[in-house]
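Chain and residue survey
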Amino acid sequence: MTDLHIDGQRLWRSLEELGRVGAYTDERTGLIGVNRLALTAADGDGRRLVKRWFEEAGLAVRVDAIGNCIGRREGRDPSKAPVMAGSHIDSVPTAGRFDGCLGVLGALEVVRTLNDARVATERPLEIAFFTDEEGCRFGTDMLGSAVACGRLPLERALGLCDKDGKRAGDELRAIGFSGDHPARLAPPRAYVECHIEQGPILAAAGMDLGVVTGVQGISWWELTIAGRAAHAGTTPMRLRRDPGLAAALINVRLDEMARSGRYGAEMRATMGRIDPRPGLVNIVPSQVVCTVDLRNPEDADMAAAERDLFAYVKEIETRLGVTVEARQTARTPRIRFSPDVQAVIARQMERAHLRFETILSGAGHDAQELSALCPTAMIFVPGEHDGISHNPREYSTPEACARGVDVLLHTLLELGAT
Ligand SMILES: [Zn+2]
């Protein structure tokens, strides 16, 4: 069994074909990107393609009430809990072809390989793509896996609205993926996700692959800062209540906090959206909506950073005469993956004589939801161009992708054998 290998070219062709769904040409760079924002028509097209591939691979496919799509390859003992692999195929609006898709199409490639070699596993094997992992349309990431694993109630997820007021539940129905299977997932034996690293660490260290030990804590906020609109030429500085200035000061403060080391060496802070109204050159804005993204591998440091940030926000309210309404849009604690599943993954990498190291994920993944349900770990595949992701330049070589999925194959075989 150890000489069994996945078909790297077939995997690559599938990545390319799915990458053509929702493809667009970036006007500035001429690069081809992917836009399969969750529950749009393009996401629906991508889903139908991959669901068809699941069916063609002989899987029994079910779609659940939050639109997660799960294909099952029966085991010798159907009563045993399945071994599971998967990821997501929705994307940010400016994506490449690999984020999420590698884990889903990699799991599919594992099934195709087992089918070709007529290999039966003791446990059933289930492969999945989960709904709206990216979270940039309805504001909550890992939406489908969070519902499947019990962190988020189904009704609340279906009721989330995008910026045009469209409900997730309605959009799910519109693309034909409001399934009738219950969304809550019975605990699998284990869950393994192969994903691109989306960062520069593995490539810089000359590694073939990474064993992911967990995911750092994530805290998202939306700040609505209200001030007073005023004429930019006639209103003296001292009479202004400028929410744009407030957003700028908070952003600078975030940078100082992250660089200070007071919240650990690994704190990261980003204000990714700053949206002034009316947003015109000669008007002091009346309102600014901005977002804050905090990351930290230590929960206590994260809590301290949040406390200090909001103490500063209070200070800004008083100093500038603005009011700040803060809404938490996502918060996940530091996740620690299963040492046992990490050991199985590392063993396959050693056996294949690969260079690898352990790594903490900087980004959120469906695996962190699954880890609440069953022993879970991830395989990271390094990316080119400093691991740039959520960008048309996102790229991992065919060889790197094949190496990661080959390790996925043998990890699933070992976990599914007893
Ligand atoms: Zn992803």
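Residues numbered from 1 in each chain as written. Predicted model: local features only at pLDDT ≥ 70, side-chain atom pairs only at ≥ 80, totals over all residues.

Looking now at the nonpolar core. Membership of the largest hydrophobic core comes to 88 residues, with the highest contact counts inside it found for Val 110, Ile 379, Leu 408 and Leu 412. By residue number, the principal contributor to this core is helix 12 (residues 398–415), which donates ten residues. Those residues in contact with Leu 412, other than ones at most four positions away along the chain, are Val 83, Ala 85, Val 110, Leu 125 and Val 192. With 24 residues, the next largest nonpolar core counts Ala 269, Cys 290, Met 302 and Leu 309 among its residues. (Core = buried A, V, L, I, M, F, W, Y, C linked by C-beta atoms within 7 Å. Buried ≥ 20, exposed ≤ 12 C-beta atoms within 10 Å, placed from the backbone. Helix = DSSP H or I, 4+ residues; strand = E, 2+ residues; numbered from the N terminus. Contact = placed C-beta atoms within 7 Å.)

According to the domain assignment, the chain consists of domain 1 (8–215 + 334–415) and domain 2 (217–332). The C-alpha centroid of domain 2 is placed 33 Å from the C-alpha centroid of domain 1. Across the contact, nine residues belong to domain 1 and nine residues belong to domain 2. Split into classes, the residues belonging to the side of domain 1 that touches domain 2 amount to one nonpolar, six polar and two charged. (Domains from an automatic or database assignment. Nonpolar A, V, L, I, M, F, W, Y, C, P; charged D, E, K, R; others polar.)

Here the focus is the pairing of strand 7 (residues 190–196). Most of strand 7 sits inside the fold, with seven of its seven residues counted as buried. What you see with strand 7 is no split at all: Ala 190, Val 192, Cys 194 and Ile 196 on one side and Tyr 191, Glu 193 and His 195 on the other are buried throughout. Where strand 7 and strand 18 (residues 376–381) come together, six bridges link them in parallel fashion. Its bridge partner lying in strand 18, Glu 193 is registered against Met 378. (Pairing = 2+ DSSP bridges.)

Contact geometry for helix 10 (residues 339–351) and helix 12: axes closest at 9 Å, N-to-C directions at 125°. Considered as vectors, helix 10 and helix 12 are oriented oblique to each other. In this structure, the crossing between helix 10 and helix 12 has a hand that is right-handed. For the pair helix 10 and helix 12, contact is made by Val 344, Ile 345, Gln 348 and Met 349 and by Val 407, His 410, Thr 411, Glu 414 and Leu 415, respectively. (Axes fitted to C-alpha atoms, helices over the stretch in contact; angles between N-to-C directions. Parallel < 35°, antiparallel > 145°, perpendicular 65-115°, else oblique. Left-handed = near helix turned anticlockwise from the far one by under 90°.)

Turning next to the packing of helix 1 (residues 8–19) against helix 3 (residues 101–116). Following both chains from N to C, one finds helix 1 and helix 3 inclined at 140°, their axes separated by 10 Å at the closest point. Here helix 3 runs oblique to helix 1, going by the angle between their axes. Here helix 1 and helix 3 pass one another in a crossing that is right-handed. Contacts between helix 1 and helix 3 involve Arg 10, Leu 11, Ser 14, Leu 15 and Leu 18 from the first element and Cys 101, Leu 102, Leu 105, Gly 106, Leu 108, Glu 109 and Arg 112 from the second. Each residue belonging to the contact of helix 1 with helix 3 can be placed in one class, and the counts come to seven nonpolar, two polar and three charged.

Moving on, we get to helix 8 (residues 243–260). With 18 residues, helix 8 extends 25 Å from end C-alpha to end C-alpha; this agrees with the ideal 26 Å at 1.5 Å per step. Along helix 8, the residues that are buried comprise Pro 243, Gly 244, Leu 245, Ala 246, Ala 247, Ile 250, Leu 254 and Ala 258. If you follow the buried residues of helix 8, they end up packed against strand 9 (217–226), strand 11 (268–270), strand 12 (274–277), strand 14 (287–296) and helix 9 (299–320). Looking one or two places after helix 8, you find Gly 261, whose phi comes out positive at around 80°. (Expected span 1.5 Å × (residues − 1).)

In this section: unusual backbone geometry. Each neighbour pair has its own omega, and for Arg 277 with Pro 278 the value is 0°, a cis peptide bond. Here Pro 278 lies in the loop between strand 12 and strand 13 (283–284). Despite not being glycine, Leu 39 has its phi angle at roughly 65°, a positive value. Take Leu 39: it is sitting in the loop between strand 2 (32–34) and helix 2 (41–56). Of the residues examined, Leu 39 has 28 C-beta atoms within 10 Å and is grouped as buried. With a phi angle near 60°, Asp 386 is a residue other than glycine that sits in the positive phi range. Positionally, Asp 386 belongs in the loop between strand 18 and helix 12.

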